[in-house]
Amino acid sequence: MDGRTAGSSLVRAFRGERTRERAVWFMRQAGRSLPEYRSLRAGTAMLDACLDPEMASEITLQPVRRHGVDAAVFFSDIVVPLKLAGIDVEIVPGTGPVVAEPLRSRAQIEALPTLDPAALTPISEAVARCVAVLGSTPLVGFAGAPFTVASYLVEGGPSKEHLITKAMMLGDPETWTLLTDWVASVTGAFLRAQAIAGASALQLFDSWAGHLSEQQYRAGAQGPSAQVLDLVSDLPQPKVHFGVGTSELLIAMREAGADVIGVDHRLPLDEASRRLGGSTPLQGNIDPAALFTDPDTRARHVRQVLDAGASAPGHVVNLGHGVPPSTDPEVLTRLVELVHSLPDPAA
Ligand code: CP3
């Protein structure tokens, strides 16, 4: 908000400018692919690490130092605001978020606690520590979209089909709305705290929205995502909205209010841009599988992504989803170099 990252390639691309050197960062760039992460985290539970400002900021900075990416992404998790509100949630290694008492009844949802704004202090502190070191390199803050976060609360853990969640959404829209109102308010407060503390861009992750038809998305997920984005709409940071398997939802997602759409690897960026009318900056969408191919195959794929991205008003290079934990970090460093070595002809 003080303008120190305004000239960065990331912020300029998110604002719809082409930059000669494209901005590149990776979802889940901080994490198990890095040996320095594994050694720092050893013996500390995931959510305890997220709530330790010194550790969270150090983990956030690790991939920036190592790979020379053009943005940091705040080390935290979409379930952190739930934990801060008093929900009994844990992140089980190799599994994901597990909620002790899944929310299945209206009475449980009516009894949800309120989030004390003071509980967000470790988040603000960690963000402030990151931006003090990052200087002109932007920090991306994030939160989970209500549909995705609600799925963990209702299912009680990771789910393949999200059947109980979708059943609530479709069959009991009143209870669903009570739940998504609550999630939107805590998740929005989490996102806003990161923005106020100095994040330069904000990303809303709706990882599981691709399990919804467009009609279902519009009926039960779009409004709650718009509520989250409304809670930060007075702030100047560009907002990115990303989902997995959401090729059919791109327009409906943009209507929720973000400036930039994150595209997964299932849809070429030129087609995504066409669907969006050519007016929306895009982020994406190198197939994470390309991290595991030989270098020539990888370089060909990256060039295709860059060429396809040239049709959008701005393009921030990223993967189509997060960095797999088994990725060789050296491959990511080389990938950043490759993207930086290919000047944008549209700039
Ligand atoms: O580097 C970054 O991108 C920033 C940090 C980040 C994490 N989680 C750290 C994390 C971000 C942006 C998230 C978001 C998140 N968390 C999403 C949305 C993005 C997506 O990937 O679709 C979702 C669905 C979650 C829920 C969640 N948390 C899952 C599915 C898992 C993985 C479980 C596992 O062990 O495989 C987590 C844990 C988690 N969040 C880890 C990290 C680095 C792994 C923790 C560990 O080291 O064991």
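Whatever comes next refers back to the structure up there.
Please read these numbers as outputs of a predicted model, since none were measured by experiment.

Rules of the game
- Residues numbered from 1 in each chain as written.
- Predicted model: local features only at pLDDT ≥ 70, side-chain atom pairs only at ≥ 80, totals over all residues.
- Heavy atoms only, no water.
- Helix = DSSP H or I, 4+ residues; strand = E, 2+ residues; numbered from the N terminus.
- Rg over C-alpha atoms; globule rule 2.2 N^0.38 Å.
- Buried < 20%, exposed > 50% of the residue type's maximum accessible area, 1.4 Å probe, protein only.
- Near = heavy atom within 4 Å.
- Polar contact = N/O pair within 3.5 Å; in protein donor to acceptor, adjacent residues only side chain to side chain.
- Salt bridge = Lys/Arg side-chain N within 4 Å of Asp/Glu carboxyl O.
- Axes fitted to C-alpha atoms, helices over the stretch in contact; angles between N-to-C directions.
- Parallel < 35°, antiparallel > 145°, perpendicular 65-115°, else oblique.
- Left-handed = near helix turned anticlockwise from the far one by under 90°.
- Contact = heavy atoms within 4.5 Å.
- Nonpolar A, V, L, I, M, F, W, Y, C, P; charged D, E, K, R; others polar.

Asker: Would you mind going over the overall build of the protein chain in detail, with residue names and values included?
Answerer: Counting its secondary structure elements, the protein chain contains 16 helices and nine strands. Here the protein chain has a C-alpha radius of gyration of 19 Å; the compact-globule value for 347 residues is 20 Å, and the two agree. In terms of principal-axis extent, the alpha carbons of the protein chain reach across some 55 × 45 × 40 Å. Within the protein chain, the proportion of its 347 residues that are buried is 57%.

Asker: Before we move on, could you go through the site of the ligand and cite the residues and values that matter?
Answerer: Around the ligand sit 26 residues, and of these Arg 28, Tyr 37, Asp 77, Ser 207 and His 321 come closest. Residue Tyr 37 places a side-chain N or O atom 2.7 Å away from an oxygen atom belonging to the ligand. Breaking the shell around the ligand down by element, the ones donating at least two residues are helix H2 (35-41) and strand S3 (96-99).

Asker: Quick rundown of the pattern of salt bridges? Include the residues and the values.
Answerer: Tallied over the full model, the rule gives 17 salt bridges. With its nearest N and O atoms 2.9 Å apart, the salt bridge here joins Arg 218 to Glu 214. Of this pair, Arg 218 and Glu 214 both sit in helix H11 (residues 214-220), four residues apart, roughly one helical turn. Of the residues examined, Arg 218 reaches a relative accessible area of 32% and is grouped as partly exposed.

Asker: Kindly report on the packing of helix H8 (residues 146-155) against helix H10 (residues 173-197), identifying the contributing residues and their values.
Answerer: It is the contact of H8 with H10, at a shortest axis distance of 9 Å, that shows an interaxial angle of 115°. By the angle between their directions, the pair H8 and H10 is classed as roughly perpendicular. Handedness of the H8/H10 crossing: right-handed. Contacts between H8 and H10 pair Pro 146, Phe 147, Val 149, Ala 150, Leu 153 and Val 154 from the former with Trp 176, Leu 179, Thr 180, Trp 182, Val 183, Ala 184 and Thr 187 from the latter. Classifying every residue of the contact of H8 with H10 gives eleven nonpolar, two polar and no charged.

Asker: Describe unusual backbone geometry, naming the residues involved and giving the relevant values.
Answerer: With an omega of -20°, the peptide bond between Gly 284 and Asn 285 qualifies as cis. When you line up the elements, Asn 285 lands in strand S8 (residues 282-286). Even without being glycine, Arg 28 reaches a positive phi, approximately 60°. Note on Arg 28: relative accessible area 56%, which makes it exposed. Residues other than glycine seldom take positive phi values, yet His 162 does so here, at roughly 55°. Residue position: His 162 is located in the loop between H8 and helix H9 (163-171). Judged by relative accessible area, which is 1%, His 162 ranks as buried.

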